[in-house]
Amino acid sequence: MTLAIPLTGDVVSPQAHRLLAAVRELVELSKGTVTVEQAPALAGNEPETPVEAAEDACEGPEVRLLTSSRQALLDGAALPLTRLEFDLLQYLAERPRRVFTRAQLLAAVWGYERAGERTVDVHVRRLRLKLGNHLPLITTVYGVGYRLADDARISILPHD
C-alpha cells in the first residue's frame, strides 16, 4: 500500500513532522517501511532519493546530556532545564524505543504516583518548547503515553 501526503511549501511544519512520525510508527508496527521523497518542484534542483531524505531527517538538533554536571546542551549551546525536565529527558534517552505511561513516568522520574498524571503532560510540553519545534524529540503515543523519537539525536555523557 502506498500513501502519498503532498506537503506544499519549502519548509515542513512541526505538525507535518508529527504526522510523519505517527505514520512511521504505525507502519513499523506492521513490519513495513517508510520512504520520504521530496517533489521535484519543491526541491529546486534534483529530487532527493529516499536514502538522502532519511539522512536529512537525522540531521536535526543534537542534544548532549552531561550527567555529572547535570547540564544539557542543544547543538553546543547551554539549555536551561529544570531538575525534573533534565531527569525526564535523561530517563527517556536511557530507554529509547520504549513507550511509558504517565503513571510509569511519575513513579520513575518524580518518585511518586499520587500527583495528577497531567503533571507529566505539562513537563513534556515545556521540554518540547525548550528543545524547539524543528524535530519533535519526545513523541506522543496516543492513548498510551510518551517515548523518545526514533530519530532523536541525544547522547548521554557521564563525564564532562
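Conventions we followed
Residues numbered from 1 in each chain as written. Predicted model: local features only at pLDDT ≥ 70, side-chain atom pairs only at ≥ 80, totals over all residues. Heavy atoms only, no water. Pairing = 2+ DSSP bridges. Helix = DSSP H or I, 4+ residues; strand = E, 2+ residues; numbered from the N terminus. Contact = heavy atoms within 4.5 Å. Axes fitted to C-alpha atoms, helices over the stretch in contact; angles between N-to-C directions. Core = buried A, V, L, I, M, F, W, Y, C linked by side-chain atoms within 4.5 Å. Buried < 20%, exposed > 50% of the residue type's maximum accessible area, 1.4 Å probe, protein only.

Colleague: Could you give an account of the sheet that holds strand 6 (residues 145–148), naming the residues involved and the relevant values?
Modeller: Ordered in space as 4-6-5, the 3 strands form an open sheet in which the pairing is antiparallel. At either margin of the open sheet sits one strand with a lone partner, and together these are strand 4 (100–101) and strand 5 (138–141). Note: strand 5 against strand 6, 4 bridges, orientation antiparallel. Across the sheet, residue Val 141 finds its bridge partner in strand 6, namely Gly 145. Contacting strand 5 and strand 6, helix 6 (residues 118–131) runs over the sheet at an angle of about 140 degrees to strand 5.

Colleague: Account for the nonpolar core, naming residues and giving values.
Modeller: Residues Val 63, Leu 65, Leu 105 and Ile 154 are the most contacted members of the largest nonpolar core, which totals 29 residues. Within the residue set of this core, elements represented by two or more residues are strand 1 (62–66), strand 2 (71–74), helix 4 (83–94), helix 5 (102–110), helix 6 and strand 6. Among the elements that make up this core, the one with the highest residue count is helix 4 (7 residues). Leaving out residues up to four positions away in the same chain, Ile 154 has contacts with Val 63, Leu 65, Leu 89, Ala 93, Leu 137 and Leu 148.

Everything listed is a geometric property; what it means functionally is a separate question.
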